[in-house]
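# A closer look at the structure
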Amino acid sequence: MSAEHFDVVIVGGGMVGASLACALGSTTLRVAVIESTALLGAGRTPSYQPSFDARSTALSLSSVCFLDSLGLWQSVRRHAQAIQRIHVSDRGHFGSTRMDARDEGLEALGFVVENQWLGSVLHGALANYPSLRVLAPASVARIRATPDGARLGVREDGRELEFDASLAVIADGARSGLAAQPGSAMHQQPYGQHALIAIIGH
């Protein structure tokens, strides 16, 4: 089976993978995105998209500038809430920090946006780049390093495909089973912390 060549193959169409694809979409590079579930806002929206679930994300100003450079911030902004003040402290310990956007001469210190809305904007933008090939749903069965990059075995609609990539970006989550296949080492450092995440209606 002959392999189709791409400059960059991105495995995973979540926040990181889709953002990178949009950033590369306007270049002359041949880019492919492989996502395991159907894209949001593509007329076949899945009831659950694990990359963009019911949680929310706090976007720093640098992330806002990045989305703005892609021409996507105004769409994201329609459903984003500005962060005006931040209070950082550790109960029972000395010291705290308070920040206010007005003191810094800023509209906001950052913005909070629901993941599903952010995902629908990013996934919707992928269709705007003709040189970008998106396979979703599809999966990568195997990946191995080659002298010129990587070779990936891809499954889509019962078909077996082979892609050669000058650069393969594995962006399919922290628990990726692919990350160790090319022989890459991984180091994890537990923080010893827990977080409670909830959506509260009032």
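Computed from a predicted model, the values in this text were never measured in an experiment.

Let us now look at the packing of helix H1 (residues 15-25) against helix H4 (residues 115-126). Where H1 contacts H4, the axes come no closer than 9 Å and their chain directions differ by 35°. For the pair H1 and H4, the crossing hand works out as left-handed. Two secondary-structure elements touch here, H1 through Met-15, Ala-18, Ser-19, Ala-21 and Cys-22 and H4 through Asn-115, Leu-118, Leu-122, His-123, Ala-125 and Leu-126. In terms of residue class, the contact of H1 with H4 is made up of 8 nonpolar, 3 polar and no charged.

Let us look at the sheet that holds strand E7 (residues 110-114). Strand pairing in a sheet is mediated by backbone hydrogen bonds. Such pairs are either parallel or antiparallel. Strand order in the open sheet formed by 3 strands is E3-E7-E4, and the pairing between neighbours is antiparallel. Here the strands that pair on one side only, and so sit at the sheet edges, are strand E3 (56-60) and strand E4 (80-83). Across the sheet, the mean angle from the axis of one strand to that of its neighbour is 25°, orientation sign disregarded. Two strands pair when backbone bridges link them, and E4 and E7 are joined in this way by 4 bridges, in the antiparallel orientation. For Ala-80, the partnering residue across the bridge sits in E7 and is Val-113. Running at roughly 90° to E3, helix H2 (residues 61-69) makes contact with E3 and E7 of the sheet.

Moving on to the sheet that holds strand E8 (residues 132-135). Within the open sheet, the 6 strands sit side by side as E8-E2-E1-E11-E10-E9. Their pairing is mixed. Each of the sheet's edge strands pairs with one partner strand only, and the pair in question is E8 and strand E9 (139-146). On average, each strand axis in the sheet is tilted by 35° relative to the strand beside it, whichever way the strands run. Judged from the 7 bridges that link them, E9 and strand E10 (residues 149-156) form a sheet pairing that is antiparallel. Within the sheet, the bridge partner assigned to Thr-146 lies in E10 and is Gly-149. The sheet strands contacting H1 are strand E1 (4-11), strand E2 (31-34), E8 and strand E11 (159-170), and the helix crosses E1 at an angle near 140°.

Working definition: two side chains of opposite charge can pair if their charged atoms are close together. The final tally for this structure, using the stated rule, is 10 salt bridges. A salt bridge links Arg-133 to Glu-4; the nearest nitrogen and oxygen atoms lie 2.4 Å apart. Taken together, the residues span a long stretch of sequence, with Arg-133 in strand E8 and Glu-4 in strand E1 at a distance of 129 residues. On the basis of relative accessibility, which here comes to 28%, the residue Glu-4 falls in the partly exposed class. The partner of Asp-100 in a salt bridge is Arg-102, with the nearest N and O atoms 3.3 Å apart. Note on Asp-100: relative accessible area 11%, which makes it buried.

Cut-off values and rules
- For every chain, the first residue of the written sequence is number 1, and numbering continues from 1 along that sequence.
- Side-chain atom pairs in this predicted model are given and counted only at pLDDT of 80 or more, local residue features only at pLDDT of at least 70, and totals for whole chains, interfaces and linings cover all residues.
- The basis for every side-chain value is the complete set of heavy atoms in the structure, and neither hydrogens nor water enter the calculation.
- Structural elements are reduced to axes, namely lines fitted to C-alpha atoms, with helices fitted over the stretch in contact, and the angle between N-to-C directions of any two is expressed from 0 to 180 degrees.
- Each helix is a run of H or I in the DSSP string that is no shorter than four residues. Each strand is a run of E no shorter than two, and both are numbered from the N terminus.
- Crossing handedness is defined as follows: a turn of the near helix away from the far one that is anticlockwise and smaller than a right angle gives a left-handed crossing, while the clockwise case is right-handed.
- Pairs of residues are marked as contacts when any of their non-hydrogen atoms sit within 4.5 Å.
- For this scheme, ten residues count as nonpolar: Ala, Val, Leu, Ile, Met, Phe, Trp, Tyr, Cys and Pro. Four count as charged, namely Asp, Glu, Lys and Arg, and the remainder, Gly too, count as polar.
- Between any two strands, pairing holds if DSSP finds at least two bridges.
- We define a salt bridge as a side-chain nitrogen of Lys or Arg found within 4 Å of a carboxyl oxygen belonging to Asp or Glu.
- Between buried and exposed lies partly exposed: a residue is buried under 20% and exposed over 50% of the maximum accessible area for its type, with that area taken using a 1.4 Å probe on protein chains only.

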